[in-house]
Each structure stands twice: as structure tokens, then as C-alpha cells.
Amino acid sequence: MRFKPKNLFWLIFFVTILSLLIDMPRQLPLNFRLGSFSFSQTLYRPRFALGPLALPRDLDLKYGLDLAGGAHLMFVADTAGLSDQDKESALQSLKENIERRVNLFGVTESTVQSSHQADQDRLIVELPGVVNVSEAVNLIGQTASLEFRQEANLPPEATATATLDDLFAIPTGLTGAHLLRSQVEFSPNTGEPQVGLEFNREGAEIFQKITEASVGKRVAIFLDNQLLTAPTVNEVIGDGRAIISGQFDTKTARAMVAQLNAGALPLSLELIQQRQIGPTLGQDTVQKGMRAGLVGLGLVSLFMILNYGFFGFIASLSLFIYGAITLALYKLIPVTLTFPGIVGFLLSVGMAVDSNILIFERFKEEIRAAQPWAVALEQAFGRAWDSIRDANLATLITGFILFNPLNWSFLSTSGLVRGFAVTLILGIFISLFTGIVVTRTLLRLFAAKPFKIKVFSKEKTKNI
Amino acid sequence: MSIKFMRFRIFYFLLSALALAISLFSILRFGFRYSIDFTGGTIWEFSLSTSDAAQKIEEILNNESLPLSSLDQGLDQSFLLKTNPLTTTQREKTVTAFKELDPAWKELRFETLGPSLGAELLKKAIVAVFLSITAILFFVASRFGGSIYGISAILAMLHDSLILFGAFSLFGHFFKAELDTLFLTAVLTTLSFSVHDTIVVYDRIRELGQKSRSLEALCDKAVTETLTRSLNNSMTIIFMLLALVLLGAPATRWFALALLVGTVSGTYSSTFTAVPLVLALNSLKKSPKN
């Protein structure tokens, strides 16, 4: 693991350039004018692709709901009175059904998560962007309705223009309440996957009547007034056990079963949390946060240069590299940036600088102890390392408790708290790299020989 | 060459005692303003431009028999309203009424939370704080080979958190600052920062301890050698946070301020609480033998 400083320098240089390329926005218009000379050019971010090996990331910074605007909804499902087995399949069906409804709503990158916390079965729906939330809440909160309908006898000329509702206009009175459950089965003859339906006694009677009237015709199944499927009836079924076959692979059969069960085991939902951020408020937070961050970084650099001269300049340089690598990693991983996340990042900047301050103060001490320059430089890094390691480990402990990687239910799983923890933990690791490896390499190369710095010479005369 | 910092340790304790007393007084006397994160309720931020807007908003809520716990007017005719958890129907009715007042009514933020969820969040936050404290206690004790260091570091941490809570009780009383999830995140960060700083000083004591000296002289030397670093480091963090407090968005200002208070207190405590505590605990441990 011993690299020559020169090789390490080129490695750092390469990593920095690569990070800066990743950090670039898609397009970067450059326009400036100097007397009669004017320059206008748009820089494009290169596409990172090696033949067929394209990078599976779009390299755009992802913003959380608090910054991009959008709605966060938490529902509790009423699962009382269901057996454990039914509960599991009911929740799975509920989740898939709600995903379908949310997709109907036309929101891109929406997420539906289910979680079991505090003895409640919860469903968390996140809808980024601007949406009519009241409408979305109503749509999502609806209890699923499953309905069987018979084919109407339309004259042939009307069939071409008929809507689904016209086509299957005859209500049967058979609903999800009559369906006990639906499951994936495999045909004993062909081994192909098929979907089995099991009705209760009342349902079986109605289903018998339907099939008697519809042999050779289709019976349609509607979920939330959307057509799921319309199989043709082959024979009269009297035992309440029906099979839909012939059009499935395992995956589509499972999807069909989930949708049927959403109607068979309908769960009512209660909205317990709603957070909605307008897009302007989020933009305001981002802009002000960025501005504050830049001013803060500028002040820190100035402080370091005033305090430590050339060393401070090197520290500021590695701080810049730190910023570039961090942003690149946010895009590569990708990390969804929330407001607390930005604060976590700024805080880790403080820790990155701290490593350097520890080292520089050590260096001053070694010089005071009349060590030769080069020895002092190496010892400063060696001796400061213990403190840096222990101090950062303590921060990592808190970071991991906040991040809650194992999803312990007695700890927070809130996205905002996690956003903070992620950037803090990443920051600690990157700052260890830039604060030590980068600074040391740069100093070995550019400060190998002693030179006079006001601060150092003053201290020297005081102490020797 | 070292400055005899520890000779004046009684003053450091007195200063800490004063800060702790003020914090405790404020917490007991004024308590906290809890945000809806912990109590449940609705926060609604919107812009509405009409004459006597505040009064009309109050009337609309009265019609729905919703108690208004606070209504603040910001810039550009924007309002921040807090009330009990709104149901979807109540919300729709209120929106219609707002739009009658001002067709250009615009929603900026809407949050609502049931009370049971709030209590659950608070419980989780407290568990996280205690888990952190225990983990760090074991970490410090194992690193520095003695419970005295672990206990002193934890006491310094508690000192910082109590001051942070006290400060927010005062801010809450005078400037309506609220305790929310972000605040508790700030508390946890303060805890880790405080230990971060303390460990650097303890580390120096451990390193110097290889030459035999009295513990007090050791502490003096360690503090002398680390004080510049500690101050410089805190200055950089303070610069960052000050920029956020002064230039950041209003929604996040209190969070940055909480971190700022924690940083200042953490810097003080790592040198002037954690180290004198080691001396005090050490003499306590020894005195029964003498």
C-alpha cells in the first residue's frame, strides 16, 4: 500500500477531474466578452459509456420531497379480523393495487412502501412534483371494489364502437365480497400457470347462474371500474371453484392474483400523516442553502489561509477536492438530497477541515521541538492519526444509529433523519481520504523544503 | 511549557453550573413548544392576498370549529397557520373558502400528523439518544482504558444537551422556536461533536501519560497543546453554521441555530468540563484510600 507521492498525486488529479466531469450539469453555457473578444460555447457533460457498458445512472442530482416539492402520505390499513396468512396477501395486494392507482394518476417516480410499525400496518406513498393531493388522497384511500359483469347482447354493427362499459353492461351482483381468495395454480395437464378463484357459498350460487347464462360468452372482472380480464365461459361451474387459464406465465398470473385479492380482501385505509411541500418553497430552501454553503466554505478557506498560510491554501484545495468527490458520489450512488442532508454535508466539511487543523497544529509543535522540516511533516501526520481516527469513529457511531441500517422498528426510519445520516457518514469517509491522503500528498510534493511562513516563524521565536 | 488551566477548574464548574441552572430553570418554568411532529396537528403555509386577511382566515377556521393555535404572517402575504389535524373534507372546505377570498390563493406547504404518530416519533428519538450515549460510553471507556474517561465524556455530553434543550426552551418562550424531529437530530449531532472534541484532548492526555507526571500537570499540558486546534476547528464549523443561520431559508434556521449552540457548548465542555471532570472523579476515587 505504499505509493510514491508523485503517482498518488496523479491518481488524485485523475479522481478530481473525473469527479468534476460527473459534477457538471448536463449543459454548461459559457459566455463572456472581453473588449472585442467574445466567447460563447456550451459545454456538455460527457456520456460515460465504454461500448455497450453504459453507466446505469443518469447523473442528475436527486432531490427529496422537501426540496423538489411533492406529497408524502402515510396510511394505516385496517387489518383487524384477518388471519396472519390472509393479512400478508391482503397487504401485498393492497400495495400493488395502490401502485396501480398511483400510476394511473400519472406521477413519475412515485413510490409506495409498506411497513409494519407500532403494531400498525402502514403504507407510505410519496408523490413528487405538483399534484392535486386531495384528489390523490381520495383515489388512494378508496377501498378496492371488485365486480363481475356479463356480456351484453349488442348488435354486431354496434360492437365496433362500443366502450367496455357498453360491452359488459349487465351487472351480476357478484362482487369481491363473495370471493374467498384467488391463487396461482398449475394445470395438471399442461403444467402451465393458471389463476384459481374460490367463492363462498352465496358466491358459488350466483356464479353458477352466471355461467349457466354465459356458456360460450365472456364474463368480465372489473377492479375499481377498470377491466382486469374477460375470460370466456367454457362450462357451467357449480362448486364455486373457477379457473382462468391459457393466457398466463408465472409473472402475469401472480399479478392477476394480487389484483383479484385486492378485491377479495379489501382493506380500508386511514390517512394519518400528510406532508406536502410546494415547489417554490423547496427551490427557495435549495437556493438559500447553496448560497449559505458557498459563503461558509469561502469563510472557512479564508480562515485557514490567514491562519496557516500556504498550508491553509493546501487545506482549502483538498477541501475543494472533497466537495467535488462528494457531489460526484451523491450522483453515482445516488443519494437523494434533503435539507437535513445538505446540513449533514456542511457539517462534515467542518470535520474534514478538523483533520487538517489537527495535523497542522501537530506540525507546529514538532517544529517547536526543533525537528527538521521533513521529519516534522511526516510525524505530524502519524501522530495526529490516532486522534482523527478515534474522533471520527465516535461520530460514525451516532451516524449509524441515526441511519438505522437494520430498520429496527424502535428507531427512526424517517427519510429526513436518514438523509442527514447518509451525508454525514459519507462525509466522514471522504474527509478521511481528502484530509489525510490528499493533503499529505500535496504537502509532500509542494512543501518538502522549509520556507518561511509568518505564523510559524513567530511561534518559533517565542518558544525556542 | 504549559499554562496552568486546571488551577482554575472551580471557575469552569461554576460557569457550567450557572448555564445548567439557567437551562433547568427555563425548562421547568417555560417548558418547550413542541412542533406537530410530536403532538400531532396541521401546519399550513399559503399565500393569500386580501384586506384583513388574518381576521378572515380566523373566521373561516371558526366556521369549521377548528381551534387556531397560531397564525403568523410572513413576507409577500404568506401565512403560517397551525391547528388540530385537518381531515380531507375539512381541508377541501377551507380551501374553497380561501379561494373565494382570493382566487390566486396558493398553497406552499401542508403537513398534518395524527397524535399517536407524534408520540411514537418522540419515543424513537429518545431511544436513539440513549443508544448513542451508551455506545459512546463503551467506546470511550474501551479506548482510554478506564471508566473515569468514559463517564466524564458522557457527563460533558449531557451538559451540552441540557444546555441545548435549555436554550431551546428559552428560544421557544421568547421567539416561538419549536422542538421537532430536526431538533433532535441536532441534539444527536451535538452529542457526537462534543465527544469528537473531547476525544482529541483525552487522546493527548493518553499520549503524554507515557512520561510520568501528576495528572493535573498532564491535563494542563494536554489542554495547552490542544486548545488552539479546538478553537480553530470550532471556528470553521461556526462559520459554516453562522452562514446557514443568517443566509439559509427560514424553515431551517432553527435547526442551524441548534447546531450552533451545540457546537459552542461542545467546544467549551470538551476542554473546560470533560478534563476537569477527569481530575475531580480521579480524586473522588482516590480519597477513600487516603
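Note that the structure is a prediction, hence the values are computed from the model and not measured.

Undergrad: Hey, could you go over the overall build of chain B for me, with residue numbers and the actual values?
TA: Helix and strand content of chain B: ten helices and four strands. The C-alpha radius of gyration computed for chain B amounts to 24 Å, which surpasses the reference 19 Å derived for 290 residues by more than 25%, pointing to a less compact arrangement than a globule. C-alpha extents for chain B along the principal axes are approximately 80 × 35 × 30 Å. A total of 290 residues make up chain B; the buried ones form 48% of that total.

Undergrad: Can you break down the overall build of chain A residue by residue, with the values?
TA: On a plain count of helices and strands, chain A comes out with 14 helices and 17 strands. Burial analysis of chain A (464 residues in total) assigns 38% to the buried set. Within chain A, contacts between residues separated by at least 24 positions form 71% of all contacts whose residues are at least 6 apart in sequence.

Undergrad: Now, about the domain arrangement of chain B: what can you tell me, with residues and values included?
TA: You can read the domains of chain B as domain 1 (5-36 + 117-286) and domain 2 (41-113). Here domain 1 of chain B and domain 2 of chain B have C-alpha centroids that lie 40 Å from each other.

Undergrad: Got a sec to walk through the sheet that holds strand E12 (residues 193-199) of chain A? Specific residues and values, please.
TA: All names here are of chain A. Spatially, the three strands line up as an open sheet ordered E11-E12-E15, and their pairing is antiparallel. Bordering the open sheet on either side are strand E11 (179-186) and strand E15 (241-244), each of which pairs with just one other strand. Averaged over all neighbouring strand pairs, the angle between strand axes comes to 25°, with direction disregarded. Here seven bridges tie E11 to E12, and the two strands are oriented antiparallel to one another. When the bridges of E12 are listed, Leu179 appears paired with Phe199. On top of the sheet, helix H8 (residues 250-264) reaches E11 and E12; it is set at about 175° to E11, its chief contact.

Undergrad: If you had to explain the nonpolar core to someone new, which residues and values would you point to?
TA: Nonpolar side chains tend to gather and get buried jointly when the protein is soluble and globular. B:Phe168, B:Phe183, B:Met240, B:Phe255 and B:Ala258 are the most contacted members of the largest nonpolar core, which has 132 residues in total. Considering every element that reaches this core, the biggest residue donor is helix H11 (residues 339-368) of chain A, with 16 residues. The contacts of B:Met240, once residues within four sequence positions are left out, are A:Gly296, A:Val300, A:Leu346, A:Val349 and A:Gly350. Judged by nonpolar contacts, the second largest core, of 46 residues, contains A:Phe75, A:Leu127, A:Leu146 and A:Leu197.

Undergrad: I'd like a rundown of the sheet that holds strand E16 (residues 269-277) of chain A, residues and numbers included.
TA: Ordered in space as E7(A)-E8(A)-E6(A)-E16(A)-E4(B)-E1(B)-E3(B)-E2(B), the eight strands form an open sheet in which the pairing is antiparallel. Here the strands that pair on one side only, and so sit at the sheet edges, are strand E7 (111-117) of chain A together with strand E2 (68-73) of chain B. Averaged over all neighbouring strand pairs, the angle between strand axes comes to 20°, with direction disregarded. In this sheet, E16(A) lies alongside strand E6 (residues 70-77) of chain A in antiparallel orientation, the contact comprising eight bridges. Each bridged residue has a counterpart across the sheet, and for A:Phe75 the counterpart in E16(A) is A:Leu271. Most of the contacts of helix H3 (residues 53-63) of chain B go to E2(B), to which it runs at about 155°, and overall it touches E2 and strand E3 (78-83) of chain B.

Undergrad: Any chance you could break down H11(A) for me, citing the residues and the numbers?
TA: Residue and element names in this part refer to chain A. Given a rise of 1.5 Å per residue, 30 residues ought to cover 44 Å, and the 44 Å separating the end C-alpha atoms of H11 matches this to within 8%. Counted residue by residue, H11 has 27 buried out of 30 residues, so it is predominantly covered. Ala370 sits one or two residues past H11 and shows a positive phi near 60°.

Undergrad: So what's going on with unusual backbone geometry? Residues and values would help.
TA: The phi angle of most residues is negative, glycine excepted, and most peptide bonds adopt the trans form. Residues A:Ile333 and A:Pro334 are joined by a peptide bond in cis, for which omega reads -20°. As for its position among the elements, A:Pro334 is in the loop between helix H10 (310-332) and strand E17 (336-337). Positioned with a positive phi, B:Lys176 is a non-glycine residue whose angle comes to about 65°. Positionally, B:Lys176 belongs in the loop between helix H6 (147-175) and helix H7 (181-208). Accessibility expressed as a C-beta count within 10 Å gives 11 for B:Lys176, which makes it exposed.

Undergrad: I'd like a rundown of the domain arrangement of chain A, residues and numbers included.
TA: All names here are of chain A. Taken domain by domain, chain A consists of domain 1 (5-23 + 279-463), domain 2 (65-145 + 269-276) and domain 3 (148-247). Between domain 1 and domain 2, the contact holds nine residues from the first and six residues from the second. The leading source of residues in the side of domain 1 that touches domain 2 is helix H9 (residues 279-308), at four residues.

Undergrad: Hey, could you go over the packing of helix H1 (residues 9-30) of chain B against H6(B) for me, with residue numbers and the actual values?
TA: All names here are of chain B. The geometry of H1 relative to H6 is characterised by a closest axis approach of 8 Å and an angle of 45° between their N-to-C directions. By the angle between their axes, H1 is oblique relative to H6. Where H1 crosses over H6, the two elements pack in a sense that is left-handed. Contacts between H1 and H6 involve Ser16, Ala19, Leu20, Ile22, Ser23, Leu24, Ser26, Ile27 and Phe30 on the former and, on the latter, His159, Leu162, Ile163, Phe165, Gly166, Ser169, Leu170, Gly172 and His173. Here the residues of the contact of H1 with H6 are counted per class, giving ten nonpolar, eight polar and no charged.

Undergrad: Just give me the short version of the environment of A:Thr439, but keep the residues and values in it.
TA: Residue and element names in this part refer to chain A. In this fold, Thr439 is placed in helix H13 (residues 415-446). A count of 24 C-beta atoms within 10 Å places Thr439 in the buried class. Beyond its immediate stretch of four places on either side in the chain, Thr439 contacts Ile314, Ala315, Ser318, Asn356 and Ile359.

Undergrad: Explain the interface of chain B and chain A to me, using residue names and the numbers behind them.
TA: Counting from both sides, the interface comprises 55 residues of chain B and, opposite them, 58 residues of chain A. Contributing elements (two or more residues each) for the side of chain B that touches chain A: helix H4 (88-101), strand E4 (106-113), helix H5 (115-143), H7, helix H8 (215-247) and helix H9 (253-272) of chain B. Here the side of chain B that touches chain A takes 13 residues from H8(B), the largest share from any one element. Among the residues making up the side of chain B that touches chain A, the classes are represented as 29 nonpolar, 15 polar and eleven charged. One ladder, built from five bridges, connects E16(A) with E4(B); its direction is antiparallel. Its bridge partner being in E4(B), A:Ile277 is matched across the sheet by B:Arg109.

Undergrad: Hey, could you go over the environment of A:Glu366 for me, with residue numbers and the actual values?
TA: Residue and element names in this part refer to chain A. Checked against the element boundaries, Glu366 lands in helix H11. Once the C-alpha coordinates of Glu366 and Gln183 are considered, the two residues, 183 residues apart in sequence, prove to be 75 Å apart. Ignoring sequence-local partners within four residues, the contact set of Glu366 consists of Gln371, Ala376, Gln379 and Ala380.

Undergrad: Would you mind going over the confidence of the model for chain B in detail, with residue names and values included?
TA: Residue and element names in this part refer to chain B. The predicted model of chain B has a mean per-residue pLDDT of 84, with 96% of residues at 70 or higher. Ranking the elements of chain B by mean pLDDT puts E2 last, at 78, and H1 first, at 92. In the predicted assembly, ipTM is 0.79 and pTM is 0.74.

Undergrad: I'd like to hear about the packing of H8(B) against H9(B), residue by residue, with values.
TA: All names here are of chain B. At a closest axis distance of 9 Å, the pairing of H8 and H9 adopts a crossing angle of 175°. Between H8 and H9, the angle is such that the two are roughly antiparallel. Of the residues in H9, those touching H8 at Val223, Leu227, Ser230, Ser234, Ile237, Ile238, Leu241, Leu242, Leu244 and Val245 are Arg253, Ala256, Leu257, Leu259, Leu260, Thr263, Thr267, Ser270 and Thr271. Partitioned by chemical class, the residues of the contact of H8 with H9 number twelve nonpolar, six polar and one charged.

Undergrad: So what's going on with the pairing of E3(B)? Which residues, and what values?
TA: Residue and element names in this part refer to chain B. Relative to E3, strand E1 (residues 41-47) runs antiparallel, the two being bridged by six bridges. Its bridge partner being in E3, Ile43 is matched across the sheet by Lys82. Judged from the five bridges that link them, E2 and E3 form a sheet pairing that is antiparallel. Residue pairing for E3: Ser70 is matched across the bridge by Lys82.

Basis of the calculations
- Residues numbered from 1 in each chain as written.
- Chains lettered and ligands numbered in written order.
- Predicted model: local features only at pLDDT ≥ 70, side-chain atom pairs only at ≥ 80, totals over all residues.
- Helix = DSSP H or I, 4+ residues; strand = E, 2+ residues; numbered from the N terminus.
- Rg over C-alpha atoms; globule rule 2.2 N^0.38 Å.
- Buried ≥ 20, exposed ≤ 12 C-beta atoms within 10 Å, placed from the backbone.
- Contact = placed C-beta atoms within 7 Å.
- Domains from an automatic or database assignment.
- Pairing = 2+ DSSP bridges.
- Axes fitted to C-alpha atoms, helices over the stretch in contact; angles between N-to-C directions.
- Core = buried A, V, L, I, M, F, W, Y, C linked by C-beta atoms within 7 Å.
- Expected span 1.5 Å × (residues − 1).
- Parallel < 35°, antiparallel > 145°, perpendicular 65-115°, else oblique.
- Left-handed = near helix turned anticlockwise from the far one by under 90°.
- Nonpolar A, V, L, I, M, F, W, Y, C, P; charged D, E, K, R; others polar.
- pLDDT = per-residue confidence, 0-100.

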